[in-house]
Amino acid sequence: MTKTEIERAAPRVPDRLKIAYQLPQAYGVKVEILIKDALDPDCDERLWVPQGEGVAFRPLVMSASHGYFVNILRVRKAGVLSRHRHAGPVVATTLRGKWRYLEHDWIAEEGDLAFEPPGEVHTLVVPDDVAEMMTLFHVTGGYIYVDPFGEALAYEDVFTKIAAMRRHFDAVGLGAAYADRFIV
Ligand code: FE
């Protein structure tokens, strides 16, 4: 429908606020995605990509074009998880359990939101009394894993995440291409 046709049809539409956008999306606009039950802690176990003993992530949005990723980190062990430097900003919303950084005096608990500035280095710890922690992380850029004096040891970014989820989905029978639905 052209704009003129819509103008003509307007009198038959009692409330124009209630009609959908009538024009095609702009050229180059990507296809949207919807992930059902994204925060469901009891989702299909195959959706959890293992990343070490007692640690897994559930991919939600993997932005290869903008270099960020949204995922839920699930940790089922206590202690120091990693020390890392952020190349970009991170927003972390705790869904279950609690965690903290050795460098700060706060504890992130269920319902809390933390902003982690680019350039910050911190050491993630899950307290001993936590059986399971789940946190929704929106990570821009990547992690550089470092020793206590800032020496780089390893890195992780949206591309290492995509590779890990493709390997995992293939291994559990969903097929590597299952990962495509999370990549934007
Ligand atoms: Fe961090």
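So, here is what we can say about the structure in this document. (Residues numbered from 1 in each chain as written. Predicted model: local features only at pLDDT ≥ 70, side-chain atom pairs only at ≥ 80, totals over all residues. Heavy atoms only, no water.)

**Comments concerning the pairing of strand 10 (residues 133-140)**
Next up, step 1: Strand direction decides the pairing type here: strand 3 (residues 68-75) and strand 10, joined by eight bridges, are antiparallel. By the bridge assignment, Phe-69 is partnered in strand 10 with Val-139. (Pairing = 2+ DSSP bridges. Helix = DSSP H or I, 4+ residues; strand = E, 2+ residues; numbered from the N terminus.)

**Overview of the coordination of the iron ion**
Next up, step 1: Note on the iron ion: its protein donors are His-84 (NE2), His-86 (NE2), Tyr-101 (OH), Glu-116 (OE) and His-122 (NE2). The metal-donor distances range over 2.1 to 2.6 Å.
Next up, step 2: Donor residues for the iron ion sit on one chain with the sequence pattern H-x1-H-x14-Y-x14-E-x5-H. Of this pair, His-86 sits in strand 4 (residues 79-86) while His-122 sits in strand 9 (residues 121-126), and the two are 36 residues apart along the sequence. (Donors = N, O, S within 2.8 Å, 3.2 Å for Na, K, Ca; no water.)

**Observations regarding unusual backbone geometry**
Leaving glycine aside, a negative phi is the common case for residues, and trans is the common case for peptide bonds.
Next up, step 1: Despite not being glycine, Asp-37 has its phi angle at roughly 50°, a positive value.
Next up, step 2: Note that Asp-37 resides in the loop between helix 1 (3-9) and strand 1 (49-50).
Next up, step 3: Take Asp-37: its relative accessible area is 55%, and that puts it in the exposed class. (Buried < 20%, exposed > 50% of the residue type's maximum accessible area, 1.4 Å probe, protein only.)

**As for the sheet that holds strand 10**
Next up, step 1: If you trace the six strands from one edge of the open sheet to the other, you get 1-2-3-10-5-8, paired in antiparallel fashion. Taken across any chain shown, the strands that pair with only one partner, and hence form the sheet edges, are strand 1 and strand 8 (113-116).
Next up, step 2: One ladder, built from four bridges, connects strand 5 (residues 90-96) with strand 8; its direction is antiparallel. Residue pairing across strands places Thr-93 opposite Leu-113, the latter belonging to strand 8.
Next up, step 3: Sitting on the sheet, helix 2 (residues 158-171) touches strand 1, strand 2 (55-63) and strand 3, and the angle it makes with strand 2 is about 115°. (Contact = heavy atoms within 4.5 Å. Axes fitted to C-alpha atoms, helices over the stretch in contact; angles between N-to-C directions.)

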